[in-house]
Amino acid sequence: MSATRNPDGKSTERAGGAPTQTVHKPVDDPDFGTLLRAWLESHRASLVDSVSRLLKHPIGSLFTCLVMAVALSLPMGLALLLDNIERLGGSWQRAAQISVFMKLDVTPATGQALRGEVAGMPGVAEAEWVSREQALEEFQQLSGLGEALKELPDNPLPGVILVTPDEVDKERLEELRQTLAELPGVQQAQLDLVWVERLGAILRLGDRFVFGLTVLLVATLLLVIGNTIRLHIENRRTEIEVVKLVGGTDGYVRRPFLYMGVLYGLGAGLIAWLLLAYGLGWLNEAVVNLAGLYGSDFGLAGVPAGDGFSLVLGALLLGYIGAWLAVARHLRELAPR
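Note that the structure is predicted; figures quoted are calculated from it, not measured.

Novice: What is the right way to look at the packing of aromatic side chains in this model?
Specialist: Given two aromatic rings, one states the distance between the centres and the angle between the planes to describe the pair. Applying the stated criterion across every chain, the model contains 2 aromatic pairs. Consider the rings of W273 and F309, whose centres lie 5.3 Å apart with planes at 75 degrees: the pair is edge-to-face. In this pair, W273 sits in helix α10 (residues 250-293) while F309 sits in helix α11 (residues 305-331), placing the two residues 36 residues apart along the sequence. A residue is classified by how much of its surface remains accessible, and W273, at 21% relative accessible area, is partly exposed. A relative accessible area of 56% places F309 in the exposed class.

Novice: Any chance you could explain the side chain of T164 here in plain terms?
Specialist: If you trace the backbone, T164 turns up in strand β5 (residues 160-165). Reaching out from T164, the side chain makes a polar contact with the side chain of Q97 at a distance of 3.2 Å.

Novice: Is there a simple way to think about the sheet that holds β5 in this case?
Specialist: Through backbone hydrogen bonds, the strands of a sheet pair up, either in parallel or in antiparallel fashion. What the 4 strands build is an open sheet, ordered β4-β5-β3-β6; its pairing is antiparallel. If you trace the sheet from one side to the other, it starts and ends with β4 (124-130) and β6 (186-191), each paired once. Here the strands of the sheet are splayed against their neighbours by 20 degrees on average, with no regard to which way each runs. Pairing analysis gives 6 bridges linking β4 to β5, with the strands arranged antiparallel. The partner of E126 across the bridge, within β5, is T164. Contacts between helix α4 (residues 108-119) and the sheet are confined to β3 (98-102), β4, β5 and β6, with β4 contributing the most and set at about 175 degrees to the helix. In this fold helix α7 (residues 170-181) packs onto β3, β4, β5 and β6, with an angle of close to 165 degrees to the strand it touches most, β6.

Reading guide: rules and limits
Residues numbered from 1 in each chain as written. Predicted model: local features only at pLDDT ≥ 70, side-chain atom pairs only at ≥ 80, totals over all residues. Heavy atoms only, no water. Phe/Tyr/Trp six-rings, centres within 6.5 Å; stacked < 30°, edge-to-face > 60°. Helix = DSSP H or I, 4+ residues; strand = E, 2+ residues; numbered from the N terminus. Buried < 20%, exposed > 50% of the residue type's maximum accessible area, 1.4 Å probe, protein only. Polar contact = N/O pair within 3.5 Å; in protein donor to acceptor, adjacent residues only side chain to side chain. Pairing = 2+ DSSP bridges. Axes fitted to C-alpha atoms, helices over the stretch in contact; angles between N-to-C directions. Contact = heavy atoms within 4.5 Å.

Distances and angles like these do not, on their own, reveal function.
Now the structure itself:
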């Protein structure tokens, strides 16, 4: 029996007197694949835990999603109604047409030639020639004075060129009107933008109202989701303190609540999309009936797919932000005692 001493100062013995040496192998760090699988497994467990906890209280979870859905659908619904009102007003370019009245001695051939010249001008999207005969026929139909107008010895209406601009800008339209008024054979160039400006002012007021309402409701949503997550935190305070006591990180504690906020947002976004689709469809029936009385085929447009996905994405983001703010506020209070 012989004894040997290891480099660390400890002696070892082996029979036969032959010295031995203890070899210490370094422990390798886990590779990227192992870390990735652990990270995915942690997120999966947090997601499953959040879903199971919401399903344990389906009524409360549903009502929370409904409150958030109503708050989300109000500004989106008003924005969609404003878009439909703008569409009802017709094309801005056509609404801002310039009527170029010709002199009575201008022949149809001259008017057609001038129409081609006007159509090639910069800032003009379209030009249409209306002859004197066409103008008289339209006036007879619209005024209801057809029989009285037939008694006139001559057609008092001039030919007209209807000019549609490519954009609605008051200063440029006025410059275009002055240019058209100086053309040969033109008696008068008339531009009426009063009702277009009024409609634009109403729509801008509506946009500001929708923006302010959106800000208020977003703040309301953050408060709702934050208060809901706070209640979940209080219900699990003891569990969280134990997790932090055994070395759980803030990220590990925060993760289930973030998933819970995202799930609330997802449910609220989908419900809000359904509410808007159903509400616009229900309202569209009355709108179509009313438009039919005026000889129009106008109808409300539904919720575009892009707006619907944006609504759901915004709800997800709000749920995530609300949960993050709630957990961040209470995380420093969750230290084990």
